[in-house]
Amino acid sequence: MREEKKFKTISEQLEGLKRKNLMFNGESDENFAIDVLEKTNFYTLVNGYKEIFLDVNYQKINNNDPDERYEKDTFFKDLYFLYYFDSELRHVFLKFIFMFESNIKAKIIYYFSEKFYENNNAYLDKNNFNYTDSFLQSNIEMLIKKMEKIIDNQKKLPNTRINHYSQYYSAIPLWVLMPQLDFGTISHFFKYCTKDIQSKIAKHLKSNFIKNYPEYNNSFILTSEVLSNMLFFINSFRNICAHNERLYNHRYYNNNINTTVIHDFYHLKFKYSVFDLILLLMGFMTPSEYELFKKLIASPLAFLYCNIGKERFIKIVQKMKFSRKWEEILKIKDDFEKFKLIYSN
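In this report, the structure presented in the accompanying data block is examined. (Residues numbered from 1 in each chain as written. Predicted model: local features only at pLDDT ≥ 70, side-chain atom pairs only at ≥ 80, totals over all residues. Heavy atoms only, no water.)

## Some details on the packing of helix α9 (residues 195–212) against helix α10 (residues 224–242)
Think of two packed helices as two axes; the pair is described by the angle between the axes and how far apart they sit.
Turning to step 1, where the next piece is worked out: The geometry of α9 relative to α10 is characterised by a closest axis approach of 9 Å and an angle of 75° between their N-to-C directions. Taken together, the axes of α9 and α10 are roughly perpendicular relative to one another. Of α10, the residues touching α9 (which contributes Lys195, Gln198, Ser199, Ile201, Ala202 and Leu205) are Ser224, Glu225 and Leu227.
Turning to step 2, where the next piece is worked out: Here the residues of the contact of α9 with α10 sort into four nonpolar, three polar and two charged. (Axes fitted to C-alpha atoms, helices over the stretch in contact; angles between N-to-C directions. Helix = DSSP H or I, 4+ residues; strand = E, 2+ residues; numbered from the N terminus. Parallel < 35°, antiparallel > 145°, perpendicular 65-115°, else oblique. Contact = heavy atoms within 4.5 Å. Nonpolar A, V, L, I, M, F, W, Y, C, P; charged D, E, K, R; others polar.)

Structure below.
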């Protein structure tokens, strides 16, 4: 086993970075680094974002040599700018993932309640899900137990919707419970729904997309299986954003999404990356929502470009699995250029 890591003061942390060829542009740059490290965990900042700046050809020769070395002319601020870019991107994605979450919740509420309109407790009955699939039975039972526990806990808390509703009615409708369910639970709820409910939701979402973006292929079929996988894919990024973890090079392989209507249109392969997340979210936005979304993405991208240079910027967007034609596909070039002018001045 390796030797345990020992606590280091901020001064010692900076000296260690200098040994690894990370540069500081004078005293003001070092003071900036001290200020950053007093507010930001060293491991989160340095270990989280150093990869793109390390010298891949460096080899340790002597025992006292550092284990890694930064590329020539790499400054502490380069690390910080990537960290800051990633932080801004997380805020943008979280905002629009919340919007998508609200959208899918509304669809589930509508179509599940439409089918079981005579029973407001229908979601607590395992037979109202796809319980005929033996592989899902135990998971469906766990989902129901989780929802029952949430209801019981909420009933005990004053001034909650469920507490208020339970005082006047014998059942808690799905539309009252739904705000208490996190995105992961919602993803499982959809997965366990009967095929007719899943299909109605998928068709509704696809219909909205074609109405908003008629230039895309109307014959593309959004299956309930693919939509279910999309939910788990988006939720993985939601968790990254919500827990302030590194986002830009995150990938999620735990399901099978071969293509989407936008990927299909541009002949793109789904790579389970940030770029794929952008295209997925776009597919569930109105044009006006996407206008705002792409502006909010263009700003941190331009900031990064202007502060770390074109060559490193290209390496980073490649890590994010951006297509070579990303500006055209995202319809973002004008906004990107405008923000570049702002940040270059």
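After that view, the rundown keeps rolling.
## A closer look at the pattern of salt bridges
Turning to step 1, where the next piece is worked out: Across all of its chains, the model carries 22 salt bridges by this definition.
Turning to step 2, where the next piece is worked out: Put simply, aspartate 86 and arginine 90 hold a salt bridge, and the shortest N to O gap is 3.1 Å. Residue aspartate 86 and its partner arginine 90 are both found in helix α4 (residues 76–115); the two are separated by four residues, about one turn of the helix. When sorted by exposure, aspartate 86 lands in the same class as arginine 90, which is buried. (Salt bridge = Lys/Arg side-chain N within 4 Å of Asp/Glu carboxyl O. Buried < 20%, exposed > 50% of the residue type's maximum accessible area, 1.4 Å probe, protein only.)

## As for the environment of leucine 301
Turning to step 1, where the next piece is worked out: As for its position among the elements, leucine 301 is in helix α13 (residues 287–308).
Turning to step 2, where the next piece is worked out: Leucine 301 sits 39 residues away from lysine 340 along the chain, and the two C-alpha atoms are 8.7 Å apart.
Turning to step 3, where the next piece is worked out: Leucine 301 has contacts with Phe85, Phe313, Val317, Phe322, Trp326, Ile332 and Phe336, leaving out every residue within four places of it along the chain.

## Brief notes about the packing of aromatic side chains
Turning to step 1, where the next piece is worked out: All told, the structure shown has 42 aromatic pairs when counted by the stated rule.
Turning to step 2, where the next piece is worked out: With a centroid separation of 5.8 Å and 20° between ring planes, the pair formed by phenylalanine 24 and phenylalanine 76 is classed as stacked. Linking phenylalanine 24 in the loop between α1 (10–19) and α2 (26–39) with phenylalanine 76 in helix α4, this pair joins segments that are 52 residues apart in sequence.
Turning to step 3, where the next piece is worked out: Phenylalanine 24 gets classed as buried once you look at its relative accessible area, which sits at 13%.
Turning to step 4, where the next piece is worked out: Of the residues examined, phenylalanine 76 reaches a relative accessible area of 0% and is grouped as buried.
Turning to step 5, where the next piece is worked out: Here phenylalanine 209 and tyrosine 213 contribute two aromatic rings whose centre-to-centre distance is 5.1 Å and whose plane-to-plane angle is 35°, an arrangement assigned as tilted. Both residues of the pair, phenylalanine 209 and tyrosine 213, count as buried.
Turning to step 6, where the next piece is worked out: The structure contains a cluster of three or more aromatic residues connected by ring pairs, namely Phe24, Phe32, Tyr49, Phe76, Tyr80, Phe81, Tyr83, Tyr84, Tyr248, Phe303, Phe339 and Tyr343.
Turning to step 7, where the next piece is worked out: We note lysine 18 situated over the ring of phenylalanine 24; from NZ or CZ to the ring centre the distance is 5.8 Å.
Turning to step 8, where the next piece is worked out: Above the plane of the ring of phenylalanine 96 lies lysine 95, whose end atom (NZ or CZ) is 5.9 Å from the centre. (Phe/Tyr/Trp six-rings, centres within 6.5 Å; stacked < 30°, edge-to-face > 60°. Lys NZ or Arg CZ within 6 Å of the ring centre and 35° of its normal.)

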